[in-house]
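Structural overview
These are the residues of each chain, in order.
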Amino acid sequence: MLEVALHDRTITYEEIAQKVAPQVTGHTVMRRLAENYLHKWIAMKREHLDEETARKRLE
């Protein structure tokens, strides 16, 4: 489970559960990863930053 989680940071807890053990829920995966100090490990989806948006942020 740890190897799958560390290999692909964009995969969801439910997808890990389906790959590792289909009878396990995503919440169980989240708890097991937390036991190994992997909290909130999924990469955040961020807005694309183009030049205009970057300029507005700097103002």
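See the structure above.
Let me begin by describing the structure that accompanies this report.

Parameters and conventions
One numbering rule holds for all chains: residues counted from 1, following each sequence as written. Where local features are concerned, this predicted model is filtered to residues with pLDDT of at least 70; where side-chain atom pairs are given and counted, the filter is 80 or more; whole-chain, interface and lining totals use all residues. For the side-chain quantities, the full set of heavy atoms in the structure was used; hydrogens and water were omitted. Counting from the N terminus, the helices are DSSP H or I runs at least four residues long and the strands are E runs at least two residues long. For this measure, only C-alpha atoms enter the radius of gyration; the expected value for a globule follows 2.2 Å times N^0.38, where N is the number of residues. Only buried residues count toward a nonpolar core. Its members are Ala, Val, Leu, Ile, Met, Phe, Trp, Tyr and Cys residues joined through side-chain atoms within 4.5 Å. Exposure is judged per residue with a 1.4 Å probe applied to protein chains only, and the accessible area is read against the type maximum: over 50% gives exposed, under 20% gives buried, and values in between give partly exposed. We call two residues in contact whenever any of their non-hydrogen atoms come within 4.5 Å of each other. What the arc measures is the spread of directions leading from the helix axis to the C-beta atoms.

What about the overall build of the protein?
Helix and strand content of the protein: four helices and zero strands. Its helices and strands taken in sequence order, the protein reads α-α-α-α from the N to the C terminus. The C-alpha radius of gyration of the protein comes to 16 Å, more than 25% above the 10 Å expected for a compact globule of 59 residues. Over its C-alpha atoms, taken along the principal directions, the protein stretches across nearly 50 × 20 × 20 Å.

Some details on the nonpolar core
Among the nonpolar cores identified, the biggest contains eight residues, and these are Ala-5, Ile-11, Tyr-13, Ile-16, Ala-17, Val-29, Leu-33 and Leu-38. Elements that contribute at least two residues to this core include exactly helix H2 (13-20) and helix H3 (26-35). Take this core: its biggest share by element is three residues, from H2. Discounting chain neighbours no more than four positions away, the residues touching Ala-17 are Pro-22, Val-24, Thr-25, Gly-26 and Val-29.

Thoughts on H3
Residues of H3 that are buried: Gly-26, Thr-28, Val-29 and Leu-33. The buried residues of H3 occupy one face: seen down the axis, they fall within an arc of 155 degrees. In this fold, the buried residues of H3 make contact with helix H1 (2-7) and H2. Positioned one or two residues after H3, Tyr-37 has a phi angle of 65 degrees, which is positive.

What about H2?
Among the residues making up H2, those that are buried are Tyr-13, Ile-16 and Ala-17. Each buried residue of H2 sits inside an arc of 100 degrees when the element is viewed along its axis, so together they form one side. Opposite its buried face, H2 presents the exposed residues Gln-18 and Lys-19, each directed more than 90 degrees away. Those residues of H2 that are buried are in contact with H1 and H3.

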